[in-house]
Structures are given as C-alpha cells and as structure tokens.
Amino acid sequence: TNAVYGFTSMLRKLIEEQKPDYIGVAFDLEGPTVRHEKFASYKATRKPMPEDLVLQVPYIRRVCDVFRVPVIGYQGYEADDVIGTLAKQAVARGITAMVVTSDKDMLQLVSERVFVIDPMKENLVYDPEKVVEKMGVRPEQVPDLLGLWGDSVDNIPGVPGIGEKGAKEL
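Note that the structure is a prediction, hence the values are computed from the model and not measured.

Caption draft 1: Quick peek at the side chain of glutamine 56. If you trace the backbone, glutamine 56 turns up in the loop between helix 3 (51–54) and helix 4 (57–66). With a relative accessible area of 9%, glutamine 56 lands in the buried category. Apart from the residues lying within four places of it in its own chain, the contact partners of glutamine 56 are Thr1, Asn2, Ala3 and Val4.

So, in structure tokens, the structure goes:
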C-alpha cells in the first residue's frame, strides 16, 4: 500500500497547496511507443515494474476517480509526451502549467509559463533559473544535454567519451 499512500498524500498536498484550476494524471499505456519505433533498444535494459507496485496501480487509478482527477493516456505515446503536449496547449491558451514529476527529462518544458514541481525534493519548484542551476543549461538545451550525456535509465547511449561534465561544456 506504500505507493497508494504516497500518491494519495502527494495528490492531497498538491491540491491543498497549489489549488489548481485544472488537474490530470498521465499514465503510460501498455505497448510500444513512437520512441520504440525510432530506437529499437529504447528502455531495453530497464527492469520491469516491481510486482508489488503493479498491484497498486489500479488502486492509484481509483484514488484519481475518487478525487475526480482525470487519468490521461494516449496509445503509442508515453505519459511524458502527453504531459508535454498538455503543458504546451495550456500555455497557448494563456494558462500557467505546473508539471509534478521528479523526471529530469521534463525540465525541458520549463519556461516563464511552465514550472516543474519535484515531489521528491519537498515540492521544489523549477523555473528557468533553477533548471540552469541544476542542469547547467537552459531548459530548451536539456534534450541536447541528455542526448550527448546519454541516459542509462532509458538505454540512450549518448556520445562515446562525453559524460555529464563534457556535455554541459558543449
């Protein structure tokens, strides 16, 4: 029940503190994504979700139902893609977007109208300056940085001989 409890606590705190006008939770759907089509080895080394967590996902979805928080997913795309799309659509409509995640990839979305809240770091809010402080590059440079540096979690090899420091310098 640890994931259900943690998710519920995080959701309640977010709603109470941020008082969002709109809210949604994005989940990955089963099956390959467009990223797998472009790079067959994408996430090939990632271990499957632990069984005790798999068992809790339906309960997390039920928590969303009870809180009347829509669960969003789109076949062939990751939850990150859905979140990024919704954030861009919000900004296009004049809405400030708050993305709640601890995924460093999502820092590329940060702008004057899109913020990332990291729930694993006591709800640290990333604005463009915080991204530069953490990553050493501007938000729009994050994809290039991670492409050069690589990402072992997603099985992205990066450029041989270039690590975190070299990628930031480039």
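Caption draft 2: Representation of the sheet that holds strand 4 (residues 114–118) within the structure. Spatially, the three strands line up as an open sheet ordered 3-4-5, and their pairing is mixed. The sheet is open, and its two borders are formed by strand 3 (97–100) and strand 5 (124–126), each paired with just one other strand. Here the strands of the sheet are splayed against their neighbours by 25° on average, with no regard to which way each runs. Direction of pairing for strand 4 relative to strand 5: antiparallel, over a ladder of three bridges. Its bridge partner being in strand 5, aspartate 118 is matched across the sheet by leucine 124.

Caption draft 3: A look at the nonpolar core. If you look at the biggest cluster of nonpolar residues, it comprises 18 residues, and the most contacted ones within it are Val99, Leu107, Val131 and Met135. Taken together, the elements giving at least two residues each to this core come down to helix 5 (79–92), strand 3, strand 4, helix 6 (128–135) and helix 7 (142–149). Discounting residues that sit within four places of it in the chain, methionine 135 has contacts with Lys104, Leu107, Leu145, Leu146, Trp149 and Lys168. In terms of nonpolar packing, the next biggest core, distinct from the first, is built from nine residues, Val4, Phe7, Cys64 and Val69 among them.

Caption draft 4: Representation of the environment of phenylalanine 27 within the structure. With respect to the element layout, phenylalanine 27 can be found in the loop between strand 1 (25–26) and helix 2 (34–38). Taking relative accessible area as the criterion, phenylalanine 27 reaches 16% and is therefore assigned buried. Among residues more than four places away in sequence, those in contact with phenylalanine 27 are Val57, Ile60, Arg61, Val71, Ile72, Gly73 and Ala79.

Caption draft 5: The arrangement of helix 5 in detail. Its 14 residues place the ends of helix 5 20 Å apart at the C-alpha level, agreeing with the 20 Å of an ideal helix rising 1.5 Å per residue. Within the span of helix 5, buried status applies to Ala79, Asp80, Asp81, Val82, Gly84, Ala87 and Ala90. Just past helix 5, the residue glycine 94 takes up positive phi, approximately 80°.

Caption draft 6: Inspection of the packing of aromatic side chains at higher detail. Counted according to the given criterion, the structure contains one aromatic pair. Seen in terms of ring centroids, tyrosine 74 and tyrosine 77 are 5.5 Å apart; in terms of plane orientation they differ by 45°. Their pairing is tilted. Across the ring face of phenylalanine 27, the terminal group of arginine 61 is positioned such that the distance to the ring centre comes to 4.5 Å.

Caption draft 7: Seen up close, the pairing of strand 3. The alternating pattern of strand 3 places Ala97 and Val99 on a buried face and Met98 and Val100 on a face that is not buried. Pairing geometry for strand 3 and strand 4, over four bridges, is parallel. Counterpart to methionine 98 in the pairing with strand 4 is phenylalanine 115.

Caption draft 8: Seen up close, the packing of helix 1 (residues 2–18) against helix 4. Contact geometry for helix 1 and helix 4: axes closest at 9 Å, N-to-C directions at 25°. Considered as vectors, helix 1 and helix 4 are oriented roughly parallel to each other. Helix 4 is crossed by helix 1, and the crossing has right-handed handedness. Together, Ala3, Val4, Phe7, Thr8 and Leu11 of helix 1 and Tyr59, Ile60, Val63 and Cys64 of helix 4 make up the contact between the two elements.

Conventions and cut-offs
- Residues numbered from 1 in each chain as written.
- Predicted model: local features only at pLDDT ≥ 70, side-chain atom pairs only at ≥ 80, totals over all residues.
- Heavy atoms only, no water.
- Helix = DSSP H or I, 4+ residues; strand = E, 2+ residues; numbered from the N terminus.
- Buried < 20%, exposed > 50% of the residue type's maximum accessible area, 1.4 Å probe, protein only.
- Contact = heavy atoms within 4.5 Å.
- Pairing = 2+ DSSP bridges.
- Axes fitted to C-alpha atoms, helices over the stretch in contact; angles between N-to-C directions.
- Core = buried A, V, L, I, M, F, W, Y, C linked by side-chain atoms within 4.5 Å.
- Expected span 1.5 Å × (residues − 1).
- Phe/Tyr/Trp six-rings, centres within 6.5 Å; stacked < 30°, edge-to-face > 60°.
- Lys NZ or Arg CZ within 6 Å of the ring centre and 35° of its normal.
- Parallel < 35°, antiparallel > 145°, perpendicular 65-115°, else oblique.
- Left-handed = near helix turned anticlockwise from the far one by under 90°.

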